[in-house]
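# Observations on the model geometry
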Amino acid sequence: MIVAPAVLTNATSVLALNTANRFGRLIDRSRQLVDEMERMRVDPELDAIRARQVGRLRRRAGLLLRAQTCFYAALGLFVFAALISVVGAALANGHELGYRAAAIAGFAAGSAAALSLFYGCTLVIRETRMALLSLAEETVLLQARMRPASPAKPSAG
């Protein structure tokens, strides 16, 4: 019983670190887009795409921040569950009421941690889908720009 919270604590730490890295890359991309928007205002279609992406980046940042909060909450709850499990194991001999209370508290903390971890993961999935939407939008624009222009037809006359 004590091993499960420890393993989940490690997994949650990795997710929290990954989410922090994603957040950092998102901030870098936001700065890059804003800089591009300030420097180059020649293509209304490109400006519209950049504006949409900045809005999408803002929503993605909100999702990642909430996910990060969930992961840190889960991390703390898993540590608490592990600690309660140790206390419960110490109370197993001779303190039946304390043992039962520790078991209930450990289960509650572990369950809350698992729910927080699950919700954080769903937020990261939503953020990833938004990132893929931006990538698809950029790809379509790039493909449209790379198509060779059709040769001009000679005029009759």
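Scroll up to find the structure.
In what follows, the accompanying structure is described. (Residues numbered from 1 in each chain as written. Predicted model: local features only at pLDDT ≥ 70, side-chain atom pairs only at ≥ 80, totals over all residues. Heavy atoms only, no water.)

### Observations regarding the nonpolar core
Core analysis: the biggest nonpolar cluster contains twelve residues, these being A16, L63, A67, C70, F71, A74, F78, A113, L117, L123, V124 and M130. Within the residue set of this core, elements represented by two or more residues are helix 2 (44-91) and helix 3 (96-146). A total of six residues in this core trace back to one element, the largest contributor, which is helix 2. Residue contacts for A74: discarding those within four places in its chain leaves T12, A113, S116 and L117. (Core = buried A, V, L, I, M, F, W, Y, C linked by side-chain atoms within 4.5 Å. Buried < 20%, exposed > 50% of the residue type's maximum accessible area, 1.4 Å probe, protein only. Helix = DSSP H or I, 4+ residues; strand = E, 2+ residues; numbered from the N terminus. Contact = heavy atoms within 4.5 Å.)

### Some points on the environment of A103
Within the fold, A103 resides in helix 3. The partly exposed category is assigned to A103, whose relative accessible area is 43%. Through-space distance from the C-alpha of A103 to that of A81 is 9.3 Å; in sequence the pair is 22 residues apart.

### Thoughts on the environment of C121
Turning to its location among the elements, C121 is positioned in helix 3. The partly exposed category is assigned to C121, whose relative accessible area is 29%. With sequence-adjacent residues up to four places away left out, C121 is seen in contact with L15 and F71.

### Some details on the pattern of salt bridges
Using the criterion set out here, one finds seven salt bridges in the structure. When the shortest N-O distance is used, the salt bridge between E137 and R52 registers 2.7 Å. Taken as a pair, E137 in helix 3 and R52 in helix 2 lie far apart in primary sequence, 85 residues in all. For E137, a relative accessible area of 16% gives the class buried. With a relative accessible area of 40%, R52 lands in the partly exposed category. Two residues, E127 and R60, come together in a salt bridge whose shortest N-O distance is 2.7 Å. Of the two residues, E127 sits in helix 3 while R60 sits in helix 2, which places them 67 residues apart along the sequence. For the residue pair E127 and R60, the accessibility class agrees, reading buried in each case. Overlapping salt bridges bring together R22, R60 and E127 as one network. (Salt bridge = Lys/Arg side-chain N within 4 Å of Asp/Glu carboxyl O.)

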